[in-house]
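Breakdown of the fold
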Amino acid sequence: MANTKTLRSGGEILVEALKIHGVERVFCVPGESFLAAIDALAGADRAIETIVTRHEAGAANMAEAYGKLTAKPGICFVTRGPGASHAAIGVHTASQDSTPMILFIGQVGSHMRQREAWQEVDYPAMFGGMAKWVVEIDRPERIPELISRAFHVATSGRPGPVVVALPEDVLSDECETGDAQAYRRVAAHPGAQDMARLAAMIGESARPLVLVGGGGWTKAACRDFAHFVEAFDLPVAAGFRRQDILDNNHPNYIGHAGLGPSPKLVARIRNADLIIAVGGRLGETTTNGYTMFDVPRPAQRFVHVHADPNELGRVYQADLPINAGMPEFAAAAAALKPKGPTGWRTRTPWSDEVKAARAAYEADQTPGPMPGRLDLGAVMMHLRDVLPKDAILANGAGNYAIWVHKFHRYGGFRTQLAPTSGAMGYGLPAAISAKLHHPDREVICFAGDGCFLMSGQELATACQYKAGVVVLVVNNNMYGSIRAHQEREYPGRVFATTLENPDFPALARAYGAFGEKVEETAAFADAFARARAFSVEQKKPALLELVIDPEAITPSTTLTALREAALKAGHG
Ligand SMILES: Cc1ncc(C[n+]2csc(CCOP(=O)(O)OP(=O)(O)O)c2C)c(N)n1
Ligand SMILES: [Mg+2]
């Protein structure tokens, strides 16, 4: 540690540590519990941009999205009990999505700890099952050490959230202490033998298939991964909401396994004789509820690459488990040479199968007709035509997202911000975070009417910080996803899923954003052009309300069809 002999407050030591670890932006809702840290953020030449949001869930989701976009910890500051409770959703998403993130929480003064002082919470108990590490700093002298550890824990192995509680006096007390150095991400590297075995197993297979997912990806890792799959001509399916690891226009990309996966793709995955699972945990949403592979011993030969050794063998027994970070694995995989004197660059025994799988993916991306005047499938086709390849699409949870995931072709690394945790309200804060980080890229947020109203107040944040995102609110006047489940399980018994909504365009305009309602397919293109132009010229958000028929519950079925099928099957 460098020795400095100046007296500094805990807040100043903390903010200096953030600068040293490369923090460029923090998201917060202020609280009196961490005033000294706020003051230090102001004092440090404003070197760290501070984004003030309107709800701690917004701040935490923005920080999580920053972690996804950069592979560096997203930083969020909130106040004690109430602030920490609101921010918990970001910690949960960072945990499920394997995103590096650090949540700083102001804590009551140390002299009154354990009394249930005002808004006092035991953070290790509250976040223990969700965060990778929870710590309360007890002395300002230890800030450099513990903050360094927080960055290491958040980024090493399987990335994830860390929670740091900061008692008021630890931030305001002064001391002399040295600073740490910038953190270095710690990652496992695949062994040469593992990689040779992987190449041999591919050579021995007739129908290999790669299932890619998980966290910890970087742009370089995605590029290396693409080289690997090209060299071996491997078909690549993506896990749930991990559709931006390989460019969806790549001839080897064959679709995503997620909620409601394409039956043809599921059949292909089941029928493969070698599964190379790279990065993901193979959780419930990617494996069609753990039905895709036999537990614990899959029928296929199985390679599982994961950053956390504890994930290997947790559910599935792999023939070849490889513990490695994604950049480390991808770099080693890109260096592998396919078998044969000329390599397999032009043709492998499974080349025809790759082409067939790609053709099936493309065919599945042609939307059929849907009830109502505004066709969401047609909207997605228009967006595919007009959006640049590097456009970022963000969303939360709801059936509207099925259209986005099914019909959009994500253009590669971090063109998708979507919570694998299935958290509603994620899309808008994630989109704002993306626009702040990439002001020159187009950022589109998709939200349902339910989803949007869980974080719509962040339109104010977008206006304040000139984040010109375009928000498409898909309005079916219901919590449609739950209504669909209801019709399946309790046909005709509609309860607690119907919504009466505000005038969304008027609400947007009240914030200073653009707002328009679109009620038919033919009107979408021009409305979208106006929204885009406004967002660019004014550097403010633009919202379009897309009014869709509640019957149009998924791209392939209607509410009535769901209900009738359930009644026929004797449900309810
Ligand atoms: C924070 C949160 N609360 C509740 C849920 C359960 N849930 C999943 S989808 C959904 C309804 C989404 O409604 P909407 O945004 O209008 O989209 P739609 O399904 O109607 O297209 C609900 C309540 C959730 N996933 N996340
Ligand atoms: Mg809805």
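The text that follows walks through the structure, step by step, so that each part is easy to find.

What counts and how
- Residues numbered from 1 in each chain as written.
- Chains lettered and ligands numbered in written order.
- Predicted model: local features only at pLDDT ≥ 70, side-chain atom pairs only at ≥ 80, totals over all residues.
- Heavy atoms only, no water.
- Core = buried A, V, L, I, M, F, W, Y, C linked by side-chain atoms within 4.5 Å.
- Buried < 20%, exposed > 50% of the residue type's maximum accessible area, 1.4 Å probe, protein only.
- Helix = DSSP H or I, 4+ residues; strand = E, 2+ residues; numbered from the N terminus.
- Contact = heavy atoms within 4.5 Å.
- Pairing = 2+ DSSP bridges.
- Axes fitted to C-alpha atoms, helices over the stretch in contact; angles between N-to-C directions.
- Donors = N, O, S within 2.8 Å, 3.2 Å for Na, K, Ca; no water.
- Near = heavy atom within 4 Å.
- Polar contact = N/O pair within 3.5 Å; in protein donor to acceptor, adjacent residues only side chain to side chain.
- Areas by Shrake-Rupley, 256 points an atom, 1.4 Å probe, with all protein chains shown as cover.
- Right-handed = clockwise from strand over helix to strand, strands pointing away.
- Arc of directions from axis to C-beta.
- Expected span 1.5 Å × (residues − 1).

1. Some details on the nonpolar core
In this structure, Phe-127, Leu-472, Leu-544 and Leu-546 are the most contacted members of the largest nonpolar core, which totals 82 residues. When residues of this core are assigned to their parent elements, the largest contribution, seven residues, is made by helix 3 (residues 56–70). Aside from chain neighbours lying at most four places away, what touches Leu-544 is Val-471, Leu-472, Val-473, Phe-514, Glu-516, Val-518, Phe-524, Ala-527, Phe-528 and Ala-531. Judged by nonpolar contacts, the second largest core, of 39 residues, contains Trp-217, Val-236, Leu-274 and Val-305.

2. What to know about the sheet that holds strand 11 (residues 253–256)
As summarised here, the arrangement of the six strands in space is 11-10-9-12-13-14, forming an open sheet in which the pairing is parallel. One side of each edge strand has no neighbouring strand; the edge strands of this open sheet are strand 11 and strand 14 (320–323). Recorded for the sheet is a direction-independent mean angle of 15 degrees between the axes of neighbouring strands. Here strand 13 (residues 301–306) pairs with strand 14 via four bridges, running parallel. Paired with Val-303 across the strands is Leu-320, a residue of strand 14. Sheet strands in contact with helix 10 (residues 263–271) are strand 9 (208–212), strand 10 (236–238), strand 11 and strand 12 (274–278), and its direction is about 110 degrees off that of strand 11. Across the sheet, helix 11 (residues 326–334) touches strand 12, strand 13 and strand 14, and the angle it forms with strand 13 is around 130 degrees.

3. Regarding the sheet that holds strand 20 (residues 542–547)
Taking strand neighbours across the sheet as the criterion, the six strands line up as 16-15-17-18-20-19 in an open arrangement whose pairing is parallel. Looking at which strands have only one partner, the edges of the open sheet turn out to be strand 16 (416–417) and strand 19 (514–518). Both strand 18 (residues 470–475) and strand 20 contribute to a ladder of six bridges, which runs parallel. When the sheet's bridge partners are listed, Asn-475 is paired in strand 20 with Val-547.

4. A short note on the coordination of the magnesium ion (ligand 2)
Only Asp-449 (OD), Asn-476 (OD1) and Met-478 (O) from the protein coordinate the magnesium ion (ligand 2), and they sit 2.0 to 2.2 Å from it. Expressed as a motif, the donor residue spacing for the magnesium ion (ligand 2) is D-x26-N-x1-M. Taken as a pair, Asp-449 in helix 16 (residues 449–452) and Asn-476 in the loop between strand 18 and helix 18 (480–489) lie far apart in primary sequence, 27 residues in all. You can call Asp-449 buried: its relative accessible area is 2%. Judged by relative accessible area, which is 11%, Asn-476 ranks as buried.

5. Quick word on the pairing of strand 17 (residues 443–448)
Most of strand 17 sits out of view: six of its six residues are buried. The pairing of strand 17 with strand 18 spans five bridges and is parallel. Residue Phe-446 lies in a different strand from strand 18, and its bridge partner there is Leu-472.

6. A look at the site of ligand 1
Surrounding ligand 1, one finds 17 residues, the nearest of these being Asn-399, Asp-449, Cys-451, Gly-480 and Ser-481. The backbone of Met-424 places a nitrogen or oxygen atom 3.3 Å from a nitrogen atom of ligand 1. Note that an oxygen atom of ligand 1 is positioned 2.9 Å from one of the backbone N or O atoms of Gly-450. Contact with the protein chains hides 78% of the accessible area of ligand 1, taken as 590 Å² for the molecule alone. Of all elements in the fold, only helix 16 and helix 18 reach the threshold of two or more residues within the shell around ligand 1.

7. Considerations on the pairing of strand 20
Within a regular strand, the side chains alternate between the two sheet faces. Within strand 20, five of the six residues are buried, which leaves it mostly tucked inside the rest of the structure. Pairing analysis gives five bridges linking strand 19 to strand 20, with the strands arranged parallel. Residue pairing across strands places Phe-514 opposite Ala-542, the latter belonging to strand 20. You can see the chain leave strand 19, run along helix 20 (residues 521–538) and come back into strand 20, and the turn it takes is right-handed.

8. Thoughts on helix 21 (residues 559–568)
Buried within helix 21 we find Leu-559, Leu-562 and Ala-566. Projected onto a plane normal to the axis of helix 21, the buried residues spread over an arc of 65 degrees and lie on a single side. Turned more than 90 degrees away from the buried face of helix 21, the exposed residues are Glu-564 and Lys-568. Residues of helix 21 that are buried make contact with helix 18.

9. What to know about helix 20
Helix length check: helix 20 (18 residues) gives 26 Å between terminal C-alpha atoms against 26 Å at 1.5 Å per residue, within 8%. Those residues of helix 20 lying buried are Phe-524, Ala-527, Phe-528, Ala-531, Phe-534 and Ser-535. Tucked into the core, helix 20 has its buried residues touching helix 13 (376–386), strand 17, strand 18, strand 19 and strand 20. In the stretch just after helix 20, Lys-539 is the one whose phi turns positive, near 55 degrees.

10. Points about unusual backbone geometry
Note that the residue after Val-295, namely Pro-296, is joined by a cis bond; omega there is -5 degrees. Following the sequence through the fold, Pro-296 ends up in the loop between strand 12 and strand 13. Positive phi outside glycine occurs at Arg-241, with the angle close to 60 degrees. The residue Arg-241 is located in the loop between strand 10 and strand 11 in this model. Its identity as a non-glycine residue notwithstanding, Asn-288 has a phi of 55 degrees, on the positive side. Mapped onto the secondary structure, Asn-288 falls in the loop between strand 12 and strand 13. Residue classification places Asn-288 among the partly exposed positions, given a relative accessible area of 33%.

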